[in-house]
Amino acid sequence: LTVNISAVVTALTGAFAYQTSPLAAIQLLWVNLLMDSLASLALASEPPVESLLEKPPVNRTDHMITKHMWANMLGQAAYQITVVTQP
């Protein structure tokens, strides 16, 4: 999600500020493909843990993404945006 947030914000900021997007549609697709595949490889290579099966079920009304996770994602996205927009 962090890469998607920063890519969308970069594209929107460029579109509004410069009347053209700094990333073409195909470039956004490649960024999404590469970053999502790296994340899936990281999750797939992690060994299973038995303690996860012993946890109680999660309530259906609970949010999947907590406030702490949102803060981490937005902070990392802000960092990535500053790095990408540096001349």
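Residues numbered from 1 in each chain as written. Predicted model: local features only at pLDDT ≥ 70, side-chain atom pairs only at ≥ 80, totals over all residues. Heavy atoms only, no water.

**As for the overall build of the protein**
Inference 1: When helices and strands are tallied, the protein shows three helices and zero strands.
Inference 2: Compactness check: the protein gives a C-alpha radius of gyration of 17 Å against a globular reference of 12 Å for 87 residues, more than 25% above the reference.
Inference 3: A burial count over the protein gives 11% of its 87 residues as buried.
Inference 4: Of the contacts made within the protein by residues no fewer than 6 positions apart, 63% connect residues no fewer than 24 positions apart. (Helix = DSSP H or I, 4+ residues; strand = E, 2+ residues; numbered from the N terminus. Rg over C-alpha atoms; globule rule 2.2 N^0.38 Å. Buried < 20%, exposed > 50% of the residue type's maximum accessible area, 1.4 Å probe, protein only. Contact = heavy atoms within 4.5 Å.)

**Digging into the environment of Gly75**
Inference 1: Considering the arrangement of structural elements, one finds Gly75 in helix H3 (residues 67-84).
Inference 2: Since its relative accessible area comes to 40%, Gly75 is described here as partly exposed.

**Remarks on a nonpolar patch on the surface**
Inference 1: Nonpolar side chains collect at one region of the surface, where Ile26, Leu29, Trp30, Val31, Leu33, Leu34, Met35, Leu38 and Leu41 lie side by side and expose about 910 Å² of accessible area between them.
Inference 2: Its place among the elements puts Trp30 in helix H2 (residues 25-44). (Patch = residues over 30% accessible without salt bridge, like charges linked within 9 Å, V, L, I, M, F, W, Y side chains within 5 Å. Areas by Shrake-Rupley, 256 points an atom, 1.4 Å probe, with all protein chains shown as cover. Salt bridge = Lys/Arg side-chain N within 4 Å of Asp/Glu carboxyl O.)

**Re the packing of helix H1 (residues 2-18) against H3**
Inference 1: Remark: H1 packs on H3, axes separated minimally by 8 Å, with the N-to-C direction vectors making an angle of 45°. Taken together, the axis directions place H1 and H3 in an arrangement best described as oblique. As for how H1 packs across H3, the hand of that crossing is right-handed. Taken together, the residues of H3 that come into contact with H1 (itself represented by Thr2, Val3, Ile5, Ser6, Val9 and Thr10) are Trp70, Met73, Leu74, Gln76, Ala77, Gln80, Ile81 and Val84.
Inference 2: Taken together, the residues of the contact of H1 with H3 sort by class into nine nonpolar, five polar and no charged. (Axes fitted to C-alpha atoms, helices over the stretch in contact; angles between N-to-C directions. Parallel < 35°, antiparallel > 145°, perpendicular 65-115°, else oblique. Left-handed = near helix turned anticlockwise from the far one by under 90°. Nonpolar A, V, L, I, M, F, W, Y, C, P; charged D, E, K, R; others polar.)

**With respect to the packing of H1 against H2**
Inference 1: Relative to each other, H1 and H2 sit at 165°, their axes nearing to 10 Å. Accordingly, the angle class assigned to the pair H1 and H2 is roughly antiparallel. Crossing of H1 against H2: the hand is right-handed. Two secondary-structure elements touch here, H1 through Val3, Asn4, Ala7 and Ala11 and H2 through Leu28, Val31, Asn32 and Met35.
Inference 2: By residue class, the composition of the contact of H1 with H2 is six nonpolar, two polar and no charged.

**Description of the side chain of Thr10**
Inference 1: Relative to the helices and strands, Thr10 is located in helix H1.
Inference 2: Since its relative accessible area comes to 8%, Thr10 is described here as buried.
Inference 3: Each residue touching Thr10, except ones within four places of it in the same chain, is listed here: Pro22, Ile81 and Val84.

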